[in-house]
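# Understanding the architecture of this molecule
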Amino acid sequence: SRDLAPPSGPARAFARDAMRCAAFALALAGLLASACAGSPWPAAAKAKAQAIVAQMSIEDCVHFTHGYDRTPSQNYVGDVPSLTVGGVTIPNMNFEDGPQGVADGTTQVTAWPSALSVVASWDGDAMYAFGKGMATEQYIKGTNVLLGPMINLARVPQGGRNFESQGEDPHLASKLVVHEINGIQSMPVSACHKHFVANSQEYQRHYVVEVLDRRLLWELYYPAFAAATDAGSGVVMCSYNRVRVMNGSQAMSGDTYACENPVTLADLKDRMGFDGFVQSDWGATHSTVDSAKNGLDQEMPGSDYLGQALLDAVKAGTVTEAEVRGMATRILTTFIALDLVDRPPTGNLSANATSAAHNKLARTLAVNGTVLLKNDKKTLPVSKQGLRSVAVIGDLSTVTGGGSGHVIPPYVVDSLQGVSDALNGRFPRPANCTLLKGVDFYQ
């Protein structure tokens, strides 16, 4: 049943205002308490991970703190090879995009609707089915960490990855992301929610400095991440941008990269209670000592800072062995707690992961996310009888977003064909359905 059924008309506007007030109150309460629910991991998983790490050399620990730049044996966007310690084999860690389905040029997958479209349904069950469907295909493809969901606030209208997000409302996002994570982790696949934090735009994302008051972080930017923590998401990805945290007029941090920011990462681990591991966005690691000491656990996709450089830092005494063992422990605890060690990946990227059932589900999710805010004069649904002509306006070539959210669809029904089919049956296209080109899709 729907636990977030969308109201309509004036009631909808009232509900959204009420939700924003609730988000303010909840976030402020969280700030004052300065802590969330805490670690979801069973004590037995922690103890097992600690016992394994205790048998490791420091080199074994560093094996897990970085990626391996698409080794010849792997084609995933990120990976860490398996390692056996004390008779326990930690399986390959296969990381794969993304938040709308198996990406990075992979074929034979379902092109799911954008996350933003599914969020528009206000339907928790839909988000669960969305997450489980994507994770099922990732598992068939051999993935055990799905790089999603993306829960940055859609604060900038031109944000290039808004389509991947869960919208601009922190309360709604914090409710729905729980269902999606539960769906993903119902399979032997970990979620990796991202990008922590304040990654609100793609333009100049490697250089921009987000200047944010601490209170604003807790009221707007943190709620979805805190909800993902409480849902038990295994991994969080930190972002490219720098963050300067303010407390009124006083700066609490410098213009520090998110993957080594001592304030925001302390908020994540100490105050929200996130007990999974922190992974960098691809190429978002910028230091060895600051990253290791301030909360980054794993560099991706390579080893520029948390490979040999980390071992050298331990030898030099600028990073302690205990800190490195803590990084490895967090990574292994996550894999043990989510049953990813006892249920290692068995699939591969060449497997056919899509199905008629998943294509049907994807269409249902897209339909449910097509929300009409107003229906004055009962204009919709349109009746075929007496309809003289239809204009389809827009860009037919854009059927999926770019970047890590880009999925190669098994088939395409564009808007013009879909409307024509609905009105008149299959092609050839009748004369009464016209495409108007020249409209800037991005405006």
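This text gives an overview of the structure that appears in the document.

Cut-off values and rules
- Residues numbered from 1 in each chain as written.
- Predicted model: local features only at pLDDT ≥ 70, side-chain atom pairs only at ≥ 80, totals over all residues.
- Heavy atoms only, no water.
- Helix = DSSP H or I, 4+ residues; strand = E, 2+ residues; numbered from the N terminus.
- Disulfide = S-S within 2.5 Å.
- Contact = heavy atoms within 4.5 Å.
- Polar contact = N/O pair within 3.5 Å; in protein donor to acceptor, adjacent residues only side chain to side chain.
- Buried < 20%, exposed > 50% of the residue type's maximum accessible area, 1.4 Å probe, protein only.
- Salt bridge = Lys/Arg side-chain N within 4 Å of Asp/Glu carboxyl O.

### Section: unusual backbone geometry
- Residue Gly98 is bonded to the preceding Asp97 through a cis peptide linkage, with omega at 5°.
- A cis geometry characterises the amide bond from Phe196 onward to Val197, with omega recorded as 5°.
- Its location among the elements puts Val197 in the loop between β6 (190-196) and β7 (209-213).
- Although it is not a glycine, Asp104 sits at a positive phi angle of roughly 60°.

### Digging into the state of the cysteines
- The tally for this structure, following the rule as stated, stands at 1 disulfide.
- Cys192 carries a free sulfur, and the closest cysteine sulfur to it, the one in Cys238, is 9.2 Å from it.

### Describing the environment of Gln166
- If you trace the backbone, Gln166 turns up in the loop between β5 (145-146) and α6 (170-184).
- Each C-alpha atom, one on Gln166 and one on Ala115, is 6.4 Å from the other, the two residues being 51 residues apart in sequence.
- If we skip the residues at most four places from it in the chain, Gln166 touches Leu116, Val119, Met127, Pro149, Met150, Ile151, Ala173, Leu176, Val177 and Glu180.
- Looking at Gln166, its side chain comes within polar contact range of the main-chain nitrogen of Val177, at 3.5 Å.
- Only 2.7 Å separates the side chain of Gln166 from the side chain of Glu180, close enough to count as a polar contact.

### Brief notes about the environment of Met150
- Note on placement: Met150 falls in the loop between β5 and α6.
- By relative accessible area, which is 4% here, Met150 ends up buried.
- As a C-alpha pair, Met150 and Lys194 span 44 residues in sequence and 4.9 Å in three-dimensional space.

### A word on the pattern of salt bridges
- With the rule as written, the count across this model stands at 14 salt bridges.
- Arg271 serves as the salt-bridge partner of Asp267, at 3.2 Å between the closest nitrogen and oxygen. Within this pair, Asp267 and its partner Arg271 are both found in helix α9 (residues 262-271), separated by 4 residues, close to a single helical turn.
- A relative accessible area of 28% places Arg271 in the partly exposed class.
- The residue Lys374 makes a salt bridge to Asp376 at a minimum N-O spacing of 3.7 Å.
- For Lys374, a relative accessible area of 60% gives the class exposed.

By themselves, these figures tell us nothing about what the structure is for.
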